[in-house]
Amino acid sequence: MPEGDTVWLAGERLRAALAGQVLTKTDFRVPQLATTDLSGREVLDVVPRGKHLLTRIEGGVTLHTHFRMDGTWHLYAPGDRWTGGPDWQVRVVLENVQWQAVGYRLPVVALLATGDEDSVVGHLGPDVLGPDWDLDEALRRLRAKPDAEIGLALLDQRNLAGLGNLYRTEVLFLRGLTPWVKVSDVPDLASLVEKGRRLMLGNRDRWEQSTTGSLRRGEDHWVFERAGRPCRRCGTRIISAEQGAAPQARLSYWCPACQLGPAPTPTPSRARRERPLGRTRYAP
Ligand SMILES: [Zn+2]
């Protein structure tokens, strides 16, 4: 699952390539849209909302896409070789005279009336990277479930939209709390949420996602995907365990010395199951 900053950057690139331009060709490779043709219409805007991307098209139509695990958009000049994966993984192609925008492996490709966008994104909490970010509203939603584990509450897009596993893991390290602390037991919830937002803001204009200040590979995270390795602050071995129920369970990482609060006992089999999350790539 990409973080909101990945979606934000993809949206920025797509907006620069498509907005204000007339589509010269569209190719929807999902069964329900197989006969749809939006060529001749102008793309009005491309708007990220949390991890959703809304491409608004002339005539009151919005293309709704969601990246989920490994969906991605690539941009190519006409004649370029497409490199985002095998042809059968292409879900949608939007073309204008300058660009071919190719959506790979997108699990959600749907058209809806622009006026009905709330039906797909209306449930989302305040958008961490959105122009209408509302800290008080995010806090209100978080505090409405005081017994929720903070690690899961930060991931719940109904509380705040855009934060994913990387940033919630890292911000909890930086605030010295395990992901299993109850929302009501977090000492300064506002500062925790704002810190998470600042981490995302610091990375939204680049593909790298550093929470430590270093862009060097292997030095860019405090605990995320570092199970079994020494804590950068205290040298204690970082541990990991799943949090939440399947299929929404996510791997949490924490330093048992630097982070206070409840935590489960990690098991070796869990540690072996982890794998690096692929960063959603966007080309060129
Ligand atoms: Zn530590």
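For the structure, check the block above.
Residues numbered from 1 in each chain as written. Predicted model: local features only at pLDDT ≥ 70, side-chain atom pairs only at ≥ 80, totals over all residues. Heavy atoms only, no water.

(A) Region of interest: the packing of aromatic side chains. In the structure shown here, the tally under the stated rule is four aromatic pairs. Seen from their ring centres, tyrosine 76 and tryptophan 82 are 6.1 Å apart, and the 15° between their planes marks the pair as stacked. Owing to a relative accessible area of 4%, tyrosine 76 belongs among the buried residues under this scheme. You can call tryptophan 82 partly exposed: its relative accessible area is 25%. Note that arginine 204 overlies the ring of tryptophan 8, its terminal NZ or CZ placed 4.1 Å from the centroid. For the cation-ring pair, arginine 233 lies above tryptophan 222, with the distance from its terminal atom to the ring centre recorded as 5.2 Å. (Phe/Tyr/Trp six-rings, centres within 6.5 Å; stacked < 30°, edge-to-face > 60°. Buried < 20%, exposed > 50% of the residue type's maximum accessible area, 1.4 Å probe, protein only. Lys NZ or Arg CZ within 6 Å of the ring centre and 35° of its normal.)

(B) A look at the pairing of strand β6 (residues 90-95). Judged by how many residues are buried, β6 sits mostly within the fold: five of six residues are covered. Across five bridges, the pairing between β6 and strand β7 (residues 100-104) is antiparallel. Along β7, the bridge assignment pairs glutamate 95 with glutamine 100. Between β6 and β7, which follow one another and run antiparallel, lie four residues. (Helix = DSSP H or I, 4+ residues; strand = E, 2+ residues; numbered from the N terminus. Pairing = 2+ DSSP bridges.)

(C) Layout of unusual backbone geometry. Phi at arginine 105 takes a positive value of approximately 55°, unusual for a residue other than glycine. Tracing the sequence through the fold places arginine 105 in the loop between β7 and β8 (108-113).

(D) Structural view of the sheet that holds strand β2 (residues 43-49). Spatial ordering of the open sheet is given by β2-β3-β4-β8, a layout of four strands whose pairing is antiparallel. Only two strands of the sheet have a single neighbouring strand rather than two, namely β2 and β8. On average, adjacent strands in this sheet sit at an angle of 20° to one another, irrespective of strand direction. Both strand β3 (residues 52-57) and strand β4 (residues 61-66) contribute to a ladder of six bridges, which runs antiparallel. Along β4, the bridge assignment pairs histidine 52 with histidine 66. Against the sheet, helix α1 (residues 4-18) touches β2 and β3, its axis set at about 175° to β2. (Axes fitted to C-alpha atoms, helices over the stretch in contact; angles between N-to-C directions. Contact = heavy atoms within 4.5 Å.)

(E) Quick peek at empty space enclosed by the protein. What the rule picks out here adds up to one cavity of 30 Å³ or more. Computed from the structure, the largest cavity encloses a volume of approximately 40 Å³. Considering the residues around the largest cavity, the lining is formed by Gly4, Trp8, Pro48, Arg49, Gly50, Asp127, Leu129, Ala161, Gly162 and Met200. Listed by contribution, the elements that provide at least two residues to the lining of the largest cavity are α1 and β2. (1 Å grid on protein atoms, 1.4 Å probe; cavity = no way out; pocket = protein on both sides within 12 Å on 5 of 7 lines; lining within 4 Å. Points joined across faces, edges and corners; volume = space filled by probe spheres on them.)

(F) Region of the structure containing the nonpolar core. Ile150, Leu154, Leu160, Leu189, Leu192 and Val193 are the most contacted members of the largest nonpolar core, which totals 36 residues. Secondary structure elements with two or more residues in this core: α3 (135-143), α4 (150-153), α5 (165-174), α6 (189-203) and β10 (250-254). Top element by residues in this core is α5. It accounts for six residues. With sequence-adjacent residues up to four places away left out, leucine 189 is seen in contact with Leu139, Leu142, Arg143, Ile150 and Val183. The next biggest cluster of nonpolar side chains, apart from the first, holds 24 residues, and it includes Leu18, Leu38, Leu53 and Val109. (Core = buried A, V, L, I, M, F, W, Y, C linked by side-chain atoms within 4.5 Å.)

(G) Structural view of the coordination of the zinc ion. Distances from the zinc ion to its protein donors, Cys231 (SG), Cys234 (SG), Cys255 (SG) and Cys258 (SG), fall within 2.2 to 2.4 Å. One way to put it: the four donor atoms around the zinc ion meet at angles of 102 to 115°, and that makes the site tetrahedral. One chain supplies every donor for the zinc ion, spaced along it as C-x2-C-x20-C-x2-C. With cysteine 234 in the loop between α6 and β9 (239-243) and cysteine 258 in the loop between β10 and α7 (268-273), this pair connects stretches of sequence that are 24 residues apart. On the basis of relative accessible area, cysteine 258 is assigned to the partly exposed category, the value being 22%. (Donors = N, O, S within 2.8 Å, 3.2 Å for Na, K, Ca; no water. Tetrahedral: all angles 85-135°; square planar, octahedral: opposite > 155°, others 65-115°.)

(H) Just α3, in detail. If you check which residues of α3 are buried, you get Leu135, Ala138, Leu139 and Leu142. Within α3, the buried residues cover an arc of 100° as seen down the axis, which keeps them to one side. Those residues of α3 hidden inside the fold are in contact with α4 and α6. Where α3 begins, the capping side chain belongs to aspartate 134, and its oxygen is found 3.2 Å from the backbone nitrogen of aspartate 136. (Arc of directions from axis to C-beta. Polar contact = N/O pair within 3.5 Å; in protein donor to acceptor, adjacent residues only side chain to side chain.)

(I) Local environment of the side chain of glutamine 89. By the element assignment, glutamine 89 lies in the loop between β5 (72-76) and β6. A relative accessible area of 14% means that glutamine 89 is categorised as buried. Once residues within four sequence positions are removed from consideration, glutamine 89 is found in contact with Gly84, Gly103, Tyr104 and Arg105.

(J) Main features of the packing of α3 against α6. The interhelical angle for the contact between α3 and α6, taken along N-to-C directions, is 120°, at an axis separation of 10 Å. Comparing their axes, α6 and α3 come out oblique. Pair α3 / α6 crosses with right-handed handedness. Across the interface between the two elements, Leu135, Leu139, Leu142 and Arg143 from α3 touch Leu189, Ala190, Val193 and Glu194 from α6. A class-by-class count of the residues in the contact of α3 with α6 yields six nonpolar, no polar and two charged. (Parallel < 35°, antiparallel > 145°, perpendicular 65-115°, else oblique. Left-handed = near helix turned anticlockwise from the far one by under 90°. Nonpolar A, V, L, I, M, F, W, Y, C, P; charged D, E, K, R; others polar.)

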